Amino acid sequence: IMGTWMGSTTVPCTYVPSEGFTQHTLSWSLERDSSASTIFLRDDSGDHILPAKFRGRVSVPKNSPGDASLLIENLEMPDSGHYTCQVVWRSTDNSLITRELTTTVKVVKEVNSSSSSWELPCSLHQ
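In the annotation of an unreviewed UniProt entry, the chain is listed under the name VSIG4 protein and assigned to Toxostoma redivivum.

Below, the structure written as structure tokens:
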């Protein structure tokens, strides 16, 4: 996924809710420069955004079952990396089931359109 610096992007993570399974925890982690850290955790006690630099910038839909996508706003260059969505469900017999999905996000600076190379010099229009 490409994101534009200072813009926003959604990292998709969706599933089909199944009867008898309740979402136990949802977490998003970011891996870059070979170190991984959890940036978002949703559990019984609510939503937790762990690194201070992500507070106020990341969110996950609350009232749409099956949608655990991560919205990142005001993208910064260091936000580039591998984002892993991990959902853990509890089944009726109390066993836990875990699924993970990793998406790569690359933050790029927007191309300045005023200096585009396709603009023709005026002399060609005469």
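**Quick notes on the environment of R57**
Following the sequence through the fold, R57 ends up in the loop between β5 (46-49) and β6 (58-59). Taking the relative accessible area as the measure of exposure, R57 reaches 6% and is therefore buried. The contact partners of R57, leaving out residues within four places of it in the chain, are L71, I72, E73, N74, L75, E76 and D79. Within polar-contact distance, the side chain of R57 engages the backbone oxygen of K53 at 3.0 Å.

**Focus on the pairing of strand β9 (residues 96-108)**
One ladder, built from 3 bridges, connects strand β1 (residues 2-4) with β9; its direction is parallel. Note on β9: the bridge partner recorded for G3 is V107. Both strand β8 (residues 81-91) and β9 contribute to a ladder of 10 bridges, which runs antiparallel. Opposite H82, over in β9, you have T104 as the bridge partner. Counting the residues between successive antiparallel strands, the hairpin from β8 to β9 contains 4 residues, one of them, N94, with a positive phi of roughly 75 degrees.

**Things to note about the side chain of T25**
Within the secondary structure, T25 sits in strand β3 (residues 21-32). The exposure class of T25 is buried, given its relative accessible area of 18%. Residues in contact with T25, not counting those within four places in the same chain, are R42, D43, Q86, V87 and V88.

**Focus: the sheet that holds strand β7 (residues 70-72)**
Read from one edge of the open sheet, 3 strands run β2-β7-β6, paired in antiparallel fashion. The open sheet is flanked by β2 (9-11) and β6, the only strands paired with a single partner. Sheet topology places β2 next to β7; 3 bridges connect them, and they run antiparallel. Bridge pairing in β7 links V11 to L70.

**Things to note about the pattern of salt bridges**
Within the structure shown, the criterion is met by 5 salt bridges. With a closest N to O distance of 3.1 Å, D47 and K62 form a salt bridge. Pair noted here: D47 is in strand β5 and K62 is in the loop between β6 and β7, with a separation of 15 residues, a long-range link. Residue classification places D47 among the partly exposed residues on the basis of a relative accessible area of 31%. Note that E76 is salt-bridged to R57, the shortest N-O span being 3.9 Å. Pair noted here: E76 is in the loop between β7 and β8 and R57 is in the loop between β5 and β6, with a separation of 19 residues, a long-range link.

Quick notes on the rules
- Residues numbered from 1 in each chain as written.
- Predicted model: local features only at pLDDT ≥ 70, side-chain atom pairs only at ≥ 80, totals over all residues.
- Heavy atoms only, no water.
- Helix = DSSP H or I, 4+ residues; strand = E, 2+ residues; numbered from the N terminus.
- Buried < 20%, exposed > 50% of the residue type's maximum accessible area, 1.4 Å probe, protein only.
- Contact = heavy atoms within 4.5 Å.
- Polar contact = N/O pair within 3.5 Å; in protein donor to acceptor, adjacent residues only side chain to side chain.
- Pairing = 2+ DSSP bridges.
- Salt bridge = Lys/Arg side-chain N within 4 Å of Asp/Glu carboxyl O.

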